[in-house]
Amino acid sequence: MTRAVSPVPPSPRGGERRGEGKHLTAFGPGKVILLGEHGVVYGHPALAAAISRGMRAWGVPSDSTSLEIPEGISAAHQEALERAFARAAKQARHPKISVHLESQLPLSMGLGSSGALAVAVSRVLLEAKSGAPAKTKDVEALALEMEKEFHGTPSGVDHTTSARGTMVLFKKGRATEVVAAKPVKVLVAMVGPRSSTKQTVGALRERQKRWPARYRRVFDQIGRLVGEGAAAARTGDLEALGDVMNMNHGLLSALGLSSPQIEDMVYRLRGLGALGAKLTGAGGDGGAVIGLFREPEPTVMKLRAQGVDCFASQLAGPRAL
Ligand code: PMV
């Protein structure tokens, strides 16, 4: 949702200001993929969910469309961000707004930072132009344009999950909400820098082109696990969901998407009582690992005391008041 913050008085000329005269802010949540990353690029389903951390965009009235580039991001990220913003600004017919960003997500760690940014920015641009909160389908369409600049050929799972803000079963651009009978909570642990999603997806594509039948078999299996995992989430069978996550991780590892530091964290979380643990997102050399826990907070405290960068997030199911 975009929120108008401190509206400005009507224009002295009495002209219609619509959204362009307002200060706006919008949030795009990050995401974790519980099941099905990479297979989703080849048309298989994925189970993904929005997390409590994300990206916030602020829009300040201006005489042109502009983006303030956040400090401390790499030249490559900056270039991609500028291209993505220019594409979205053009598509949104250049609303007169200056956009600033605030991130609660580490960049390029598998937590959907670019999708979250695309959703937050799209909401601000669309509302700035029309004066009314943007429809989810319009946000998704504009955010996809930005994601293409970040990732080349994204499956669309990241920005769609962010725009919906729930747990979704995603397949070929379509998402349906998964309503869980019990709270589904994960611990998210960062295990260090990784290559870009574009690179990891590209390298896997080369391997699957070389040995298509073998890779197809594994993607088919991952797709089946996604259906079983979604059913387990719906009925609240967290043990089954955890088991599916463990199997999915094994198959991602078979596809060459894991690394020693990812494996270390997966086994560490299982040792600490996770019902299931796996890499999430593109994987490769580092990124993020998730563990499914009934109550992740005590383990978050324990791992933080040991220097692990981690947090907990509820993904679906009933919430305490
Ligand atoms: O960018 P990440 O790490 O959140 O990965 C996105 C998920 C992939 O399936 C690997 C790529 C995609 O486009 O779906």
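Since we're looking at a predicted model, the values are computed, not measured.

Criteria and thresholds
Each chain carries its own residue numbering, running from 1 in the direction its sequence is written. Reporting of local features is limited, given that this is a predicted model, to residues whose pLDDT is at least 70; pairs of side-chain atoms are given and counted only at 80 or more, and all residues count toward the totals for whole chains, interfaces and linings. Elements are defined by DSSP. Helices are runs of H or I of four residues or more, strands are runs of E of two residues or more, and each kind is numbered from the N terminus. The reference for a compact globule is 2.2 Å times residues^0.38; the radius of gyration itself is calculated from the C-alpha atoms. We call a residue exposed when 12 or fewer other C-beta atoms sit within 10 Å of its C-beta, buried when the count reaches 20 or more, and partly exposed for counts in between; the C-beta positions come from the backbone. Distance between backbone-placed C-beta atoms decides contact: two residues are in contact if it is within 7 Å. Axis definition: a line fit to C-alpha positions, over the contact stretch in the case of helices; interaxial angles, taken between N-to-C directions, run 0 to 180 degrees. Here the angle decides the label: under 35 degrees means roughly parallel, over 145 means roughly antiparallel, 65 to 115 means roughly perpendicular, and every other value means oblique. Less than a right angle of anticlockwise turn of the near helix away from the far helix marks a crossing as left-handed, whereas a clockwise turn marks it as right-handed. Ten residue types, Ala, Val, Leu, Ile, Met, Phe, Trp, Tyr, Cys and Pro, are classed as nonpolar, four, Asp, Glu, Lys and Arg, as charged, and the remainder, Gly among them, as polar. The domain limits used here are those given by an automatic or database domain assignment. When DSSP locates at least two bridges between a pair of strands, those strands are taken to pair. Joining buried Ala, Val, Leu, Ile, Met, Phe, Trp, Tyr and Cys residues through C-beta atoms within 7 Å gives a set, and that set is a nonpolar core.

1. What about the overall build of the protein?
Looking only at helices and strands, one finds 9 helices and 11 strands in the protein. Over its C-alpha trace the protein gives a radius of gyration of 20 Å, about what one expects of a compact globule, namely 20 Å for 321 residues. Each principal axis of the C-alpha atoms in the protein carries an extent, and together these give about 65 × 50 × 35 Å. The buried share among the 321 residues of the protein stands at 48%. Taking as baseline every contact in the protein between residues at least 6 positions apart, the subset at least 24 positions apart corresponds to 73%.

2. Details of unusual backbone geometry
Phi is positive for His-38, which is not a glycine, with a value near 70°. Inspection of the secondary structure assignment puts His-38 in the loop between strand 2 (23-35) and strand 3 (46-61). Residue class for His-38 comes out buried when judged on the 27 C-beta atoms lying within 10 Å of it. Of note in this structure, Ser-108 is not a glycine but carries a positive phi near 55°. Examined against the element boundaries, Ser-108 turns out to sit in the loop between strand 5 (97-103) and helix 2 (113-130).

3. Some remarks on the packing of helix 1 (residues 75-91) against helix 2
It is at 10 Å that the axes of helix 1 and helix 2 come closest, and there the two elements cross at 30°. Relative to helix 2, the element helix 1 is oriented roughly parallel. As for the relative orientation of helix 1 and helix 2, their crossing is right-handed in sense. The segment helix 1 lies against helix 2, with Ala-84, Phe-85, Ala-88 and Ala-89 engaging Ala-118, Val-121, Ser-122 and Leu-125. The class makeup of the residues in the contact of helix 1 with helix 2 is 7 nonpolar, 1 polar and no charged.

4. Here we look at the domain arrangement of the protein
Interface size is commonly expressed as the accessible area that is lost once the parts come together. Domain parsing of the protein yields domain 1 (2-177) and domain 2 (184-316). On a C-alpha basis, the centres of domain 1 and domain 2 stand 25 Å from each other. Contacts between the two partners involve 28 residues from domain 1 and, on the opposite side, 35 residues from domain 2. Among the elements that make up the side of domain 1 that touches domain 2, the one with the highest residue count is strand 3 (6 residues). Among the residues forming the side of domain 1 that touches domain 2, the class breakdown is 16 nonpolar, 10 polar and 2 charged.

5. Focus on the sheet that holds strand 10 (residues 288-293)
Strand order across the open sheet formed by 4 strands is 9-10-8-11, with antiparallel pairing between neighbours. Edge positions in the sheet fall to strand 9 (276-280) and strand 11 (310-316), since each has one partner strand and no second. Neighbour to neighbour, the strand axes of the sheet diverge by 30° on average, direction disregarded. When strand 9 meets strand 10, the two strands line up antiparallel, connected through 5 bridges. Opposite Gly-276, over in strand 10, you have Leu-292 as the bridge partner. Against the sheet, helix 7 (residues 238-254) makes contact with strand 9 and strand 10, and its axis sits at roughly 45° relative to strand 9, the strand it touches most.

6. Digging into the nonpolar core
Residues Val-32, Ala-48, Val-121, Val-124, Ala-189 and Val-289 are the most contacted members of the largest nonpolar core, which totals 93 residues. With 10 residues, helix 2 is the single largest residue contributor to this core. Split by domain, the residues of this core number at least three in each of domain 1 (2-177) and domain 2 (184-316). In contact with Val-32, other than residues within four places in its own chain, are Ala-48, Ala-49, Ile-51, Leu-111, Val-186, Val-188, Thr-280, Ile-290 and Leu-315.

7. Things to note about the pairing of strand 10
Of all 6 residues making up strand 10, 6 are buried, and the element is well covered by its neighbours. Side-chain alternation along strand 10 places Ala-288, Ile-290 and Leu-292 on one buried face and Val-289, Gly-291 and Phe-293 on a second face that is also buried. By the bridge criterion, 6 bridges tie strand 8 (residues 184-190) to strand 10 in an arrangement that is antiparallel. Bridge pairing in strand 10 links Val-188 to Ile-290.

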